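# Results of the structural survey
Now for the letters of each chain:
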Amino acid sequence: MANGAILTAADARPVAHETIDRVTRDLVGTARKIYAEPEVGFRERKTSARIAQGLRELGLVVEDGIAHTGLKAVYEFDRPGPRVAVICELDSLRVPSHPGADPDTGAAHACGHHTQAGMMLGVAHALTRPELRSVLSGSVAFVATPAEEFIDVSARLEMRKAGLLGFLSGKQEMLRLGTFDDIDMAMMMHTASGDGSPRITVGGSSNGHMVHHVRFIGRSAHAGGAPERGINALQAAMLALNAVNTQRETLQEQHVARIHGIISRGGTAVNAVPDDVVYEGRVRAMDPAALTELNDRVVRCYKAGALGVGANVEITTIPGYLSMQNNPDMQDVFASNAAIVVGRENVRATEDVGSRGGSTDMGDLSTVMPAIHPYTSAATGTGHGPDYVIADYDLAVVAPAKIMAGTVIDLLSDDATGAKQVIANHTPLMTRSQYLAFQAERFHTELYSGK
Ligand SMILES: [Zn+2]
Ligand SMILES: [Zn+2]
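All of these numbers come straight from a predicted model, not from anything done at the bench.

## Quick word on the packing of aromatic side chains
This structure, assessed with the given rule, holds three aromatic pairs. With centroids separated by 5.4 Å and ring planes inclined at 55 degrees, the aromatic side chains of Phe-150 and Tyr-321 adopt a geometry described as tilted. Pair noted here: Phe-150 is in the loop between β6 (137-145) and α5 (153-161) and Tyr-321 is in the loop between β13 (312-319) and α9 (328-342), with a separation of 171 residues, a long-range link. Exposure class is identical for Phe-150 and Tyr-321. Each is buried.

The structure is reproduced here in structure tokens:
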């Protein structure tokens, strides 16, 4: 080390951590600025521009406008080797009652995605240090993905009809566009609600899901003067939801199944029989076969609603997310880096691979390549709720940046032996072309007449 040369991961890690410590204010500042300007999926233009600027200031060449607002920047080390992606998600939710909500759109960072940009930029600061070029092999890709929250289904379907989208989530769409074709493995971190003590959690899984856009089509008539001449699409939707509720007693604990949705169009005028009602629904389960079976039953319930009042129903089934598969080798490297940063006693492994109930498109990525999606307990409140806020920005941004930078260093040092081992030990559940064909096949629209 006398001449400043760095030869091993053990030498490189402190350089990375010190670099992140020096830019802590910038990283947290970026996260806070993104929090203050929440943008929903495929519309995260300001968020994306802010991240692109941060990467360009480090000398990286940024490809932006991928899947509308996504971006990617690759940084190569001196010797060839595998490519590791570090990912951040751009989008907010819509929770109008959240203290950080945009008053016009209701957009709010009630899932903590704004911290992920800070994490990723921290990793970029650390890994672009010139001293690390010669000790690491391969490359790192910084990827910002749009639209992880599967919301605004009607609007995204319209974008698809206009040819502006193929799939309705960011990582799904970037997989379709080939953004991940030159990437060997991927990681990102997400915030979780904690009790104030530092905790990094690895392992566990998420639900797969299917998304429904269900349009009940009736006939309008004067609701007071001639209701008998109408066909009430809202009543059809109510009947359908009651039928859906009858399924709940048949759900089995081990599937962690969920059925839920919103009526996004309930009618037009109170004095006319509603003739066009839209329900955006979701069915979730961890096991793919259980999901398919439950999906079919719920679709049958939509038809039952239409049949009950003699309406028509147009059911668009949209491919949702696949369950998260955390790669055990990457997870081991990550956990040992987490122990260095927050202490071994604060790193927890979820022993069983049960689903947390929610879903993420990181699950889709993990179906085609080794991937990890650990959590940092930096938030308080209920996820997606009005009280979900980041309580500890150091734990939300700085610690994750150090852990992920260290993980990449371990994977790509020593001629990338660690990363090569991850690849050698990994069999993806699907190839990328199998994944795209599978998801495309799940996308379909059916018109059922209950007349
Ligand atoms: Zn979320
Ligand atoms: Zn989230």
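## Points about the coordination of the zinc ion (ligand 1)
For the zinc ion (ligand 1), the protein coordination sphere consists of Cys-111 (SG), Glu-149 (OE) and His-384 (NE2), at 2.0 to 2.2 Å. One chain supplies every donor for the zinc ion (ligand 1), spaced along it as C-x37-E-x234-H. Here the zinc ion (ligand 1) and the zinc ion (ligand 2) are spaced 3.0 Å apart, and both take Cys-111 as a donor. Here His-384 lies in the loop between β16 (375-380) and β17 (389-390) and Glu-149 lies in the loop between β6 and α5, a separation of 235 residues in the sequence. Take His-384: its relative accessible area is 40%, and that puts it in the partly exposed class.

## Concerning the pairing of β16
The two faces of the sheet receive side chains in turn, since in a regular strand these alternate between them. The buried fraction of β16 is high, at five of six residues. Bridging between strand β8 (residues 190-193) and β16 involves three bridges; their strand directions are parallel. Within β16, the residue paired with His-190 across the bridge is Tyr-375.

## Quick word on the domain arrangement of the protein
Assigned domains within the protein: domain 1 (9-206 + 322-435) and domain 2 (208-320). The C-alpha-based centres of domain 1 and domain 2 are spaced at 35 Å. Residue-level contacts link 19 residues of domain 1 with 16 residues of domain 2. Summing the contributions of domain 1 and of domain 2, the shared interface buries around 1,300 Å²; its carbon and sulfur component is 57%. For the domain 1 face of the interface with domain 2, the top three residues by lost area are Phe-150, Val-153 and Ser-359, together amounting to 35%. Counting across the domain 1 and domain 2 interface gives zero salt bridges. Those elements that place two or more of their residues in the side of domain 1 that touches domain 2 are α5 and β14 (347-355). Considering only residue class, the side of domain 1 that touches domain 2 consists of seven nonpolar, 10 polar and two charged.

## Describing the environment of Tyr-279
Here Tyr-279 is to be found in strand β12 (residues 276-285). For the pair Tyr-279 and Val-214, spaced 65 residues apart in sequence, the C-alpha separation works out to 5.1 Å. Once residues within four sequence positions are removed from consideration, Tyr-279 is found in contact with His-212, His-213, Val-214, Phe-216, Leu-241, His-260, Gly-261, Ile-262, Ile-263 and Tyr-302. Looking at Tyr-279, its side chain comes within polar contact range of the main-chain nitrogen of Gly-261, at 3.4 Å.

## Notes on the packing of α9 against helix α11 (residues 393-425)
Helices that pack against each other are described as a pair by the angle of their axes relative to one another and the distance between those axes. The N-to-C vectors of α9 and α11 enclose an angle of 140 degrees; their axes lie 8 Å apart at closest approach. By the criterion of interaxial angle, the relationship of α9 to α11 is oblique. Handedness of the α9/α11 crossing: right-handed. When α9 is examined against α11, the residues Asp-329, Met-330, Val-333, Phe-334, Asn-337, Ala-338, Val-341 and Val-342 are found in contact with a partner set consisting of Leu-395, Ala-399, Lys-402, Ile-403, Met-404, Gly-406, Thr-407, Asp-410, Leu-411, Gln-421, Val-422 and Asn-425. Taken together, the residues that form the contact of α9 with α11 break down as 12 nonpolar, five polar and three charged.

## Quick look at the sheet that holds strand β7 (residues 185-187)
As summarised here, the arrangement of the six strands in space is β1-β2-β6-β3-β7-β15, forming an open sheet in which the pairing is mixed. Here the strands that pair on one side only, and so sit at the sheet edges, are β1 (62-66) and β15 (371-372). In this sheet, β7 lies alongside strand β3 (residues 79-89) in parallel orientation, the contact comprising three bridges. Note on β7: the bridge partner recorded for Val-84 is Met-185. Each of β1, β2 (70-76), β3 and β6 is contacted by helix α3 (residues 45-57), which is oriented at about 15 degrees to β2, the strand it contacts most. Along the sheet face, α11 touches β3, β6 and β7 and points at about 135 degrees away from the line of β3.

## Observations regarding the coordination of the zinc ion (ligand 2)
Ideal values differ by geometry: the angle at a metal is 109.5 degrees with four tetrahedral donors, but 90 or 180 degrees with six octahedral donors. Coordination of the zinc ion (ligand 2) by the protein involves Cys-111 (SG), His-113 (NE2) and His-190 (NE2), with metal-donor separations of 2.0 to 2.3 Å. Each donor residue of the zinc ion (ligand 2) belongs to the same chain, with the gaps between them written as C-x1-H-x76-H. Classification of His-190 as buried rests on a relative accessible area of 8%.

## Points about unusual backbone geometry
Located in the positive-phi region is Ala-67, a residue other than glycine, with phi close to 50 degrees. Structurally, Ala-67 is set in the loop between β1 and β2. The phi dihedral of Ala-416 is positive, around 60 degrees, even though this residue is not glycine. Structurally, the position occupied by Ala-416 is in helix α11. Among the residues examined, Ala-416 registers a relative accessible area of 0% and is labelled buried.

Rules used throughout
Residues numbered from 1 in each chain as written. Chains lettered and ligands numbered in written order. Predicted model: local features only at pLDDT ≥ 70, side-chain atom pairs only at ≥ 80, totals over all residues. Heavy atoms only, no water. Phe/Tyr/Trp six-rings, centres within 6.5 Å; stacked < 30°, edge-to-face > 60°. Helix = DSSP H or I, 4+ residues; strand = E, 2+ residues; numbered from the N terminus. Buried < 20%, exposed > 50% of the residue type's maximum accessible area, 1.4 Å probe, protein only. Donors = N, O, S within 2.8 Å, 3.2 Å for Na, K, Ca; no water. Pairing = 2+ DSSP bridges. Domains from an automatic or database assignment. Contact = heavy atoms within 4.5 Å. Buried area = accessible area lost by both parts, 1.4 Å probe. Salt bridge = Lys/Arg side-chain N within 4 Å of Asp/Glu carboxyl O. Nonpolar A, V, L, I, M, F, W, Y, C, P; charged D, E, K, R; others polar. Polar contact = N/O pair within 3.5 Å; in protein donor to acceptor, adjacent residues only side chain to side chain. Axes fitted to C-alpha atoms, helices over the stretch in contact; angles between N-to-C directions. Parallel < 35°, antiparallel > 145°, perpendicular 65-115°, else oblique. Left-handed = near helix turned anticlockwise from the far one by under 90°.

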